[in-house]
Amino acid sequence: MEISSEKPILVLACGNPSRGDDALGPLLIDRLVGEGGLRGIETLADFQLQIEHVLDLEWRSRVIFVDAVAAGPEPFAFVPARPRADASLSTHSIRPSALLGLFRRVAGKEPPSAWVLAIRGYGFELGAPLSDRAAANLDRALVFLTRLLRPAP
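Residues numbered from 1 in each chain as written. Predicted model: local features only at pLDDT ≥ 70, side-chain atom pairs only at ≥ 80, totals over all residues. Heavy atoms only, no water.

## A word on the layout of surface pockets
Empty space left among the atoms is revealed by rolling a probe the size of a water molecule over them. Each pocket or cavity is described by its volume, and for the largest pocket that value is around 190 Å³. Cys14, Leu49, Asp67, Ile94 and Pro96 are, among the 13 residues lining the largest pocket, the residues nearest its centre. Residue contributions to the lining of the largest pocket peak at 3 residues, all from strand β3 (residues 62-69). (1 Å grid on protein atoms, 1.4 Å probe; cavity = no way out; pocket = protein on both sides within 12 Å on 5 of 7 lines; lining within 4 Å. Points joined across faces, edges and corners; volume = space filled by probe spheres on them. Helix = DSSP H or I, 4+ residues; strand = E, 2+ residues; numbered from the N terminus.)

## Regarding unusual backbone geometry
Of note, the amide linkage connecting Glu74 to Pro75 takes the cis form, showing an omega dihedral of 0°. If you trace the backbone, Pro75 turns up in the loop between β3 and β4 (76-81). Backbone geometry at Trp59 places phi at a positive 65°, although glycine is not the residue there. Relative to the elements of secondary structure, Trp59 occurs in the loop between β2 (41-46) and β3.

## So, the packing of aromatic side chains
Using the criterion set out here, one finds 3 aromatic pairs in the structure. Residues Phe78 and Trp115 carry aromatic rings whose centres are separated by 6.1 Å and whose planes lie at 5° to one another, so their mutual orientation is stacked. Within this pair, whereas Phe78 is found in strand β4, its partner Trp115 is found in strand β5 (residues 113-120), the two being separated by 37 residues in sequence. A ring pair is formed by Phe78 and Phe144, whose centres lie 5.0 Å apart and whose planes are at 65°; its orientation type is edge-to-face. Here Phe78 is found in strand β4, whereas its partner Phe144 is found in helix α3 (residues 132-149), with 66 residues between them in sequence. With relative accessibility at 25%, the residue Phe78 sits in the partly exposed group. Each member of the aromatic cluster is reached from another via a ring pair, and the members are Phe76, Phe78, Trp115 and Phe144. Positioned above the aromatic ring of Trp59, the side-chain terminus of Lys109 is 5.1 Å from the ring centre. When the ring centre of Tyr122 is taken as origin, the NZ or CZ atom of Arg133, which lies over that ring, is 3.9 Å away. (Phe/Tyr/Trp six-rings, centres within 6.5 Å; stacked < 30°, edge-to-face > 60°. Buried < 20%, exposed > 50% of the residue type's maximum accessible area, 1.4 Å probe, protein only. Lys NZ or Arg CZ within 6 Å of the ring centre and 35° of its normal.)

## Focus: the side chain of His53
Among the structural elements, His53 can be located in the loop between β2 and β3. A distance of 3.1 Å separates polar atoms of two side chains, one belonging to His53 and the other to Asp46. The contacts of His53, once residues within four sequence positions are left out, are Leu12, Leu44, Asp46, Gln48 and Leu99. (Polar contact = N/O pair within 3.5 Å; in protein donor to acceptor, adjacent residues only side chain to side chain. Contact = heavy atoms within 4.5 Å.)

## Digging into α3
Over its 18 residues, α3 runs 26 Å from end to end, which matches the ideal 26 Å to within 8%, given 1.5 Å per residue. In the core, the buried residues of α3 are packed alongside β1 (9-14), α1 (24-35), β2, β3, β4 and β5. (Expected span 1.5 Å × (residues − 1).)

## Quick word on the sheet that holds β2
Judged by pairing direction, the sheet is mixed, and its 5 strands sit side by side in the order β2-β1-β3-β5-β4 without closing on themselves. Looking along the sheet, the strands with just one partner apiece sit at the ends: β2 and β4. Here the average twist between neighbouring strands, direction ignored, is 20°. The pairing of β1 with β2 spans 6 bridges and is parallel. (Pairing = 2+ DSSP bridges. Axes fitted to C-alpha atoms, helices over the stretch in contact; angles between N-to-C directions.)

## Observations regarding the nonpolar core
Grouped together as the largest cluster of nonpolar side chains are 21 residues, with contacts concentrated most on Val11, Leu28, Val66, Leu117, Ile119, Leu145 and Leu149. Those elements giving two or more residues to this core turn out to be β1, α1, β3, β5 and α3. Here this core takes 6 residues from α3, the largest share from any one element. Every residue in contact with Leu145, bar those within four places of it in the chain, is listed here: Val11, Leu28, Leu32, Ile64 and Leu117. In terms of nonpolar packing, the next biggest core, distinct from the first, is built from 18 residues, Leu57, Ala98, Leu100 and Leu102 among them. (Core = buried A, V, L, I, M, F, W, Y, C linked by side-chain atoms within 4.5 Å.)

Structural data, given as structure tokens:
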């Protein structure tokens, strides 16, 4: 993935910090910002993707969606997101592919290229702390993303 100096990359993370491992996305943003030194990177954290986030995709060179998942590869998966029309658009929750498809429809142009960083979580109960296994997955995802986003010397 090439880093563009013209338009920033957006790292958009979703998750509820009050629901155990669902906090993985916002925690990754906190740690990424804490690391500093990543020029051309903008971050945004929210409880979930919503149709309003289509506006956040404008003027981005790339978008990386970050979220916790209850099933899938450990410690994480990093897969491309493709725009797709989704008849189940809701004002409460939307998938990255549907958000990209909505951008295409609303903006009348192709959305920025996008990927999903799906970090494996295990417990999503209200009031639960981050599990040790999810914390280890978060550490590995952060190393991966930081290397990916750091400009080549």
